[in-house]
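Take a look at the letters that make up each chain.
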Amino acid sequence: MNPGRNAPCPCGSGKKYKKCCGKLESSSPLQSGQQRPSATALSRPAKGSAPTQDEFSQLLALYNAGRYAELESRAHLLVGRHPDFGLGWKLLSASLLMQGKDALLALQKATKLLPGEAELHNNLGHMLTKHGRGSEAEASFRRALQIKPDYVDAHFNLGRNLSEQERLTEAEVSYRRALQIQPDYVDALFNLVPIKSVKTGDGILEAMILAEEAARSGATLLTDEQKTLMHFALGKCYDDIGEHEKAFPHFLEGCKLKRATIDYDPEQSARHSAAIMRNFETATLDRLRGGGDPSQVPIFVLGMPRSGTTLTEQVIASHPEVHGAGELPDLMAIALRDIAGAAFPDNARLLDQARLSAWGAEYVAGLQRRALDMPRITDKMPANFQAVGLIHLMLPNAKIIHVKRNPVDTCISCFSKLFTFGQEFSYDLAELGRYYVDYARLMEHWRKVLPEGAFLEVQYEDIVADQEAQSRRIIEYCGLEWNDACLDFHQNKRSVKTASMVQVRQPIYKSSVERWRSYEKFLGPLFDALGDLAPER
């Protein structure tokens, strides 16, 4: 069954069906008055010639019937016979998009042959984004807008692209332009809210309320993903203006919708944490100590998400001798390797000094590829807290900084944030509290089994209360000479691709300390799960 003409296109481009794949229905491969090729010409088509109208119509029929795999096969044959036929490449790209396949090559060919089609440039930008080629995607969206200045979907996609590049002021302009063109463009509205501070009277909350009313009445049909975005955006709007009683129900609803899409087992998570402690006991650490790579380049910043790790890394990375590499998957990718059928953490019992040295050297090499000339490089993957013992063995001279924050503030900051990926534990208050308890137990384990001074612990609230004293303490621990740039971390223009990228562009503020008290009435399941870790109320 075909989607409605005004429905979102199922190819994922972000456009309406009628403006995307649906346009294929009205596309004609023949110009007005063009003569159909003869039967002889059809049997031996010249390279670059156009197919017959019937041949092309058959492919359109496959598309309209939803027979995308067959369409893909037929379209491949078509462009093989007619490699300069742009509409054939357009059809091929549509067939791939509708199957969730990689359409990059087909879109590149189609835009080259049909350079005046804004929709193709927009779709190419969308696919380049999936490939992580942000600057090329930006160029494609801008090309689409040169062709069609009021192309609302391209304005939205450009805004999202600029937001991912942390060019938030420019992103806001693009989102607002999309909303000027189409005031009910909900995706632009929902994505605008997270990148700016909403203020009473600026029109954003009012627009969000209207969008919610339209969704509730059925005037606007939203996907579950859009509803999730809407509730998180509404929660942030009300939180920004201090209307906490209205904010938290939206966070609850947004998290409920998100949790329904996630396959997360808190029991399995708890078992994993217990296995780490079991496999990294004192005896194991003593047996393996003495190997590893001696490099002093790595500085690890780890802890719970939303605990102040980004702020701490930004302070360190503002030092001229430090490169901030952000959240890297490298360490856990190494740790999770299978050894004789055992994966992390069970593979610890099969480790030896030689393997630890090789792993450490490999990790350092990967780190240095990101900043060849820098003497120190940070890795701010919060989840590396699971592998503190392994870091100690692999990289005995690395600096490890554990950032702590009030447990409830940490959890609320997670719960009220729609993460781009991961953090599956954060969308249910009870599960979130239980995960925090497992994390706290594991960090207590590291304190017990590792030598004193194996890692530095930093309290987020202490940084807020006395920024300079704590910054000096951190820099001294890293073995660096003090530099005043570390106090002006918010002026550091380095890329920060985390949920805290907006906050670290601002000086330290105290409003996030004991934020949880504004939401206390909603937090029963979280308090129960935290148990003794919950603060006095």
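Residues numbered from 1 in each chain as written. Predicted model: local features only at pLDDT ≥ 70, side-chain atom pairs only at ≥ 80, totals over all residues. Heavy atoms only, no water.

Trainee: Quick question: what am I supposed to make of helix 8 (residues 152–164) here?
Mentor: In an α-helix, one full turn covers 3.6 residues, which means residues spaced three or four apart are oriented alike. For helix 8, which comprises 13 residues, the first-to-last C-alpha distance of 19 Å matches the rise-based estimate of 18 Å (1.5 Å per residue) to within 8%. For helix 8, the full list of buried residues reads Val152, Asp153, Ala154, His155, Phe156, Asn157, Leu158, Gly159, Asn161, Leu162 and Ser163. As for helix 8, its buried residues are in contact with helix 6 (118–130), helix 7 (134–147), helix 9 (168–181) and helix 10 (186–192). Glu166 sits one or two residues past helix 8 and shows a positive phi near 65°. (Helix = DSSP H or I, 4+ residues; strand = E, 2+ residues; numbered from the N terminus. Expected span 1.5 Å × (residues − 1). Buried < 20%, exposed > 50% of the residue type's maximum accessible area, 1.4 Å probe, protein only. Contact = heavy atoms within 4.5 Å.)

Trainee: Whenever I open this one, the pattern of salt bridges confuses me. Can you help?
Mentor: Two side chains with opposite charge may pair up if their charged atoms get near one another. According to the stated counting rule, one finds 28 salt bridges in the structure shown. Ionic pairing is found between Glu243 and Lys246, a salt bridge with its closest N-O pair at 3.3 Å. Members of the salt-bridge network, linked through shared partners, are Glu138, Arg142, Arg167 and Glu170. (Salt bridge = Lys/Arg side-chain N within 4 Å of Asp/Glu carboxyl O.)

Trainee: What should I look at first to understand the state of the cysteines in this one?
Mentor: By definition, a disulfide links the sulfur atoms of two cysteines through a covalent bond. Under the defined criterion, the tally for this structure stands at zero disulfides. Residue Cys255 stays outside any disulfide, its sulfur separated by 10.0 Å from that of Cys414, the closest cysteine. With no disulfide of its own, Cys486 has Cys478 as its nearest cysteine by sulfur position, at a separation of 9.1 Å. (Disulfide = S-S within 2.5 Å.)

Trainee: What is the right way to look at the environment of Phe85 in this model?
Mentor: As for its position among the elements, Phe85 is in the loop between helix 3 (68–81) and helix 4 (86–98). Accessibility expressed as a relative area gives 6% for Phe85, which makes it buried. Spatially, the C-alpha atoms of Phe85 and Leu114 are 9.1 Å apart, while their sequence positions differ by 29 residues.

Trainee: What is the right way to look at the nonpolar core in this model?
Mentor: Nonpolar side chains tend to gather and get buried jointly when the protein is soluble and globular. Met208 and Trp446 are the most contacted members of the largest nonpolar core, which totals 135 residues. It is helix 21 (residues 429–449) that provides the largest number of residues to this core, a total of 10 residues. Setting aside residues no more than four positions away along its own chain, Met208 makes contact with Leu189, Phe190, Val193, Met230, Ala233, Leu234 and Cys237. (Core = buried A, V, L, I, M, F, W, Y, C linked by side-chain atoms within 4.5 Å.)

Trainee: What exactly am I supposed to notice about helix 7 here?
Mentor: Compared with an ideal rise of 1.5 Å per residue, which puts 14 residues at 20 Å, helix 7 spans 20 Å between its outermost C-alpha atoms and is within 8% of the ideal. Regarding helix 7, the residues found buried are Ala137, Glu138, Ser140, Phe141, Ala144 and Leu145. Viewed end-on, helix 7 has its buried residues packed into an arc of 160°, placing them on one side of the element. Exposed and facing more than 90 degrees away from the buried side of helix 7 are Ser135 and Gln146. Structurally, helix 7 contributes buried residues whose contacts are with helix 6 and helix 8. (Arc of directions from axis to C-beta.)

Trainee: Looking at this structure, how should I read the pairing of strand 4 (residues 399–404)?
Mentor: The two faces of a sheet get side chains in turn, since along a regular strand they alternate between them. As judged from the five bridges shared by strand 1 (residues 298–303) and strand 4, these two strands associate in the parallel manner. Each residue of the ladder has a partner; that of Phe300, found in strand 4, is Ile400. As judged from the four bridges shared by strand 4 and strand 5 (residues 456–459), these two strands associate in the parallel manner. Paired with Lys404 across the two strands is Gln459, which belongs to strand 5. (Pairing = 2+ DSSP bridges.)

Trainee: What is the right way to look at the side chain of Arg306 in this model?
Mentor: Relative to the elements of secondary structure, Arg306 occurs in the loop between strand 1 and helix 16 (309–317). Despite its burial, Arg306 pairs with no opposite charge, the nearest such side chain being Glu327 at 8.6 Å. Engagement of the side chain of Arg306 in a polar contact is seen with the side chain of Ser413, the distance being 2.9 Å. (Lys, Arg positive; Asp, Glu negative; His and termini not counted. Polar contact = N/O pair within 3.5 Å; in protein donor to acceptor, adjacent residues only side chain to side chain.)

Trainee: Mind showing me how you'd approach the sheet that holds strand 5 here?
Mentor: The strands making up a sheet associate through hydrogen bonds between their backbones, and the pairing can be parallel or antiparallel. Pairing is parallel across the open sheet formed by five strands, whose spatial order is 2-3-1-4-5. Both outer strands of the open sheet, strand 2 (322–324) and strand 5, are each paired with one neighbouring strand and no more. Across this sheet, the average inter-strand angle for adjacent strands is 25°, counted without regard to direction. Helix-sheet contacts for helix 16 involve strand 1, strand 2, strand 3 (376–379) and strand 4, and the interaxial angle to strand 1 is about 160°. Packed on one face of the sheet, helix 21 meets strand 1, strand 4 and strand 5 and runs near 140° to strand 4. (Axes fitted to C-alpha atoms, helices over the stretch in contact; angles between N-to-C directions.)

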